[in-house]
Amino acid sequence: MNQVIYSLRQLIKEYTGRRVLEIPQLDIRRGEAFALVGPSGAGKSTLLRLLNFLETPSSGSITFEDIEFHPDIEVPLEVRRRVTTVFQRPVLLDLTVWENVTYGLHLRGLKDSADSTRAVLEQVGLIHLARQHARTLSGGEAQRVALARAMVLQPDVLLLDEPTANLDPYNVGLIEDIVRELNKERGTTLVLVTHNVFQARRLASQVALLLEGKLVEVAGVEAFFQSPKDPRTAAFMRGEMVY
Amino acid sequence: MLNDLGEIILLSLEVSGIALLLSALVGLPIGISMGLGHFTGRRLVTALLYTGMGFPPVVIGLFVYLLLSRNGILGQINSPLIPSLFTPGAMILAQTIIAFPLVAGFTMAAVMGVDPQLRLQVLSLGATKNQAAMAILREARVGVVAAIVAGFGSIISEVGAVMLVGGNIEGRTRVMTTAIVLETRKGNFDLALSLGIVLLTITFFTNLALLRLQGRTAGK
């Protein structure tokens, strides 16, 4: 539980000379449910893409378990495959629900395991739609398929980028229950990006506030919400503009 | 007569089939790379490609004619890879150049039409770069097949370039379109019309076969 899975040091990300992220130090522990909160444009999604090794930092390092990655080091595929992201807007393939869920297994050259696929589809409440074309689903159903296709891979780390934005309360509750169970039962490390401080409070064990690409405060969920050290954290939670 | 007709049909299919294959082999990877990539000069290359899509085939025929003629840049090189004028090889070269911008341009447009988030999401699921490109190509398959259909349509019905570089030589370079022109000039309208119907039928069934490649999308 206390083993550090991600260790970020002097991490900087720039796009065409514009600095969007600057994190001197951040540790995320294995099995932790880590929430990143902050306003739009704070760099939360950029950080998730870096944690999923989908982008390379401009400078600094990301240590995943004991392997340190610098911008000039290519992250091996087997490392990248231990992490997956559920994005805010799921883009499903032009396939059936079942085929979408098993897609990541096929990418790994693994046989479609009917039992595990059925199990995750049952978990997200979509087994009855397994043969339906994924592009005919509602937004909430599509997001649950995206979650199922991530879950079937049994990743060490599940990154969630505003996974319940624009969803109805039923789907929000369902998705929150599933990811909570993944974290508690399977020990999957969660990194959740959300605007919603209430969701962060419900799901996370550790919370960080990111403003204009910089970490303002990182604390345990109780300390973060009950006694924030930085006045900007308190202001953000009150819903005040803190840009 | 029937033997001659069969020969003409077979040569038409052979020339256009090989030209389509070559233009697809070159055009698909280029179209995919251009659809996915952001590089300096991309706008210029796109403009050139789009210009190529509207290039008159007869001008391409003239260009290939000049290249392959005895004093042309390629005509001076003695290589089995370079076809001679008035051979099916020269016709294949001309038709490949005609079809290539259509295949590459429409493929590029189809790839650009795929949700840009898809690549990121597929990579996040553990895809390699090649697997991600294949996923995008699969999503863009309706447009990609349309690109191949457009390429095929542009060459199977083309007459100016094959006439110029092939010479419409009986038993050697006569294809359906050039035969139609010849028979019309000779006043053999029945034969010209019959060839026209055969050409349309072949085009229809070839397109039907190509459309099967698109498969079903979103239950449609």
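Residues numbered from 1 in each chain as written. Chains lettered and ligands numbered in written order. Predicted model: local features only at pLDDT ≥ 70, side-chain atom pairs only at ≥ 80, totals over all residues.

Q: Would you explain the overall build of chain B in this entry?
A: Secondary structure summary: chain B contains 10 helices and zero strands in total. Looking at chain B as a whole, 39% of its 220 residues qualify as buried. Taking the contacts inside chain B whose residues are at least 6 apart along the sequence as the reference set, 74% of them involve residues at least 24 apart. (Helix = DSSP H or I, 4+ residues; strand = E, 2+ residues; numbered from the N terminus. Buried ≥ 20, exposed ≤ 12 C-beta atoms within 10 Å, placed from the backbone. Contact = placed C-beta atoms within 7 Å.)

Q: Can you help me understand the interface of chain B and chain A in this one?
A: With 17 residues of chain B at the contact, the number on the chain A side is 21 residues. Contributing elements (two or more residues each) for the side of chain B that touches chain A: α5 (116-124) and α6 (129-139) of chain B. Of the residues forming the side of chain B that touches chain A, the biggest block, six residues, is contributed by α5(B). When the residues that make up the side of chain B that touches chain A are grouped by side-chain class, the tally is seven nonpolar, eight polar and two charged. (Nonpolar A, V, L, I, M, F, W, Y, C, P; charged D, E, K, R; others polar.)

Q: Which parts of the structure should I look at to understand the domain arrangement of chain A?
A: When the parts come together, some accessible area is lost, and that loss is often what is quoted as the size of the interface. Residue and element names in this part refer to chain A. Assigned domains within chain A: domain 1 (1-82 + 158-168 + 188-243) and domain 2 (89-154). Summarising the inter-unit geometry, the C-alpha centres of domain 1 and domain 2 are found 26 Å apart. Partitioning the side of domain 1 that touches domain 2 into residue classes produces three nonpolar, one polar and two charged. (Domains from an automatic or database assignment.)

Q: Explanation requested: the confidence of the model for chain A in the structure shown.
A: Caution applies to low-pLDDT regions: their predicted coordinates should not be interpreted in detail. Of the residues in chain A, 98% have a pLDDT of 70 or more, and the chain-wide mean is 93. When mean pLDDT is taken per element in chain A, strand β6 (residues 83-86) of chain A scores highest with 98 and helix α9 (residues 231-237) of chain A scores lowest with 90. (pLDDT = per-residue confidence, 0-100.)

Q: How do you make sense of the nonpolar core when you look at a structure like this?
A: Grouped burial of nonpolar side chains is what soluble globular proteins tend to show. Core analysis: the biggest nonpolar cluster contains 66 residues, and Ala35(A), Leu36(A), Val145(A), Ala148(A), Val191(A) and Leu192(A) have the highest contact counts within it. Ranked by the residues each element gives to this core, the list is headed by helix α5 (residues 139-151) of chain A, at seven residues. Among the domains, domain 1 (1-82 + 158-168 + 188-243) and domain 2 (89-154) of chain A are the pair contributing at least three residues each to this core. Dropping the residues within four chain positions of it, Ala148(A) is found in contact with Val101(A), Val120(A), Leu121(A), Val124(A) and Leu126(A). Judged by nonpolar contacts, the second largest core, of 60 residues, contains Ala19(B), Ile60(B), Met91(B) and Leu137(B). (Core = buried A, V, L, I, M, F, W, Y, C linked by C-beta atoms within 7 Å.)

Q: Can you help me understand the pairing of strand β1 (residues 4-15) of chain A in this one?
A: The side chains of a regular strand alternate, residue by residue, between the two faces of the sheet. Residue and element names in this part refer to chain A. Pairing geometry for β1 and strand β2 (residues 18-29), over 10 bridges, is antiparallel. Looking at the pairing, Tyr-6 lines up with Ile-28 of β2. From the end of β1 to the start of β2, which pair antiparallel, there are two residues, and Thr-16 there has a positive phi angle of about 40 degrees. Here β1 runs beside strand β4 (residues 59-64); their pairing, made up of five bridges, is antiparallel. Paired with Ile-12 across the bridge in β4 is Ser-59. (Pairing = 2+ DSSP bridges.)

Q: Teacher, can you tell me more about the pairing of β4(A) here?
A: Going residue by residue along β4(A), you find Gly60(A), Ile62(A) and Phe64(A) tucked away on one face and Ser59(A), Ser61(A) and Thr63(A) left uncovered on the opposite face. Between β4(A) and strand β5 (residues 67-69) of chain A, which follow one another and run antiparallel, lie two residues, and Glu65(A) among them has a positive phi close to 55 degrees.

Q: I would appreciate a short explanation of unusual backbone geometry in the present structure.
A: Keep in mind that most residues, glycine aside, have a negative phi and that most peptide bonds are trans. Residue and element names in this part refer to chain A. Positive phi outside glycine occurs at Glu-65, with the angle close to 55 degrees. For Glu-65, the position within the fold is in the loop between β4 and β5. Residue Glu-65 is classed as partly exposed on the basis of its 14 C-beta neighbours within 10 Å. Within the chain, Glu-162 stands out as a residue other than glycine whose phi angle is a positive 45 degrees. Here Glu-162 lies in the loop between β7 (157-161) and α6 (169-186). Given 21 C-beta atoms within 10 Å, Glu-162 falls into the buried group.

Q: Would you mind showing me how to read the packing of helix α3 (residues 57-68) of chain B against helix α4 (residues 88-112) of chain B here?
A: Helices that pack against each other are described as a pair by the angle of their axes relative to one another and the distance between those axes. Residue and element names in this part refer to chain B. Running from N to C, α3 and α4 cross one another at 135 degrees; their axes reach a closest spacing of 9 Å. Viewed along their axes, α3 and α4 adopt a mutual orientation that is oblique. Pair α3 / α4 crosses with right-handed handedness. Across from Pro-57, Ile-60, Gly-61, Val-64 and Leu-68 in α3, the residues of α4 making contact are Ala-90, Leu-93, Ala-94, Ile-97 and Ile-98. Its residues assigned to classes, the contact of α3 with α4 shows nine nonpolar, one polar and no charged. (Axes fitted to C-alpha atoms, helices over the stretch in contact; angles between N-to-C directions. Parallel < 35°, antiparallel > 145°, perpendicular 65-115°, else oblique. Left-handed = near helix turned anticlockwise from the far one by under 90°.)

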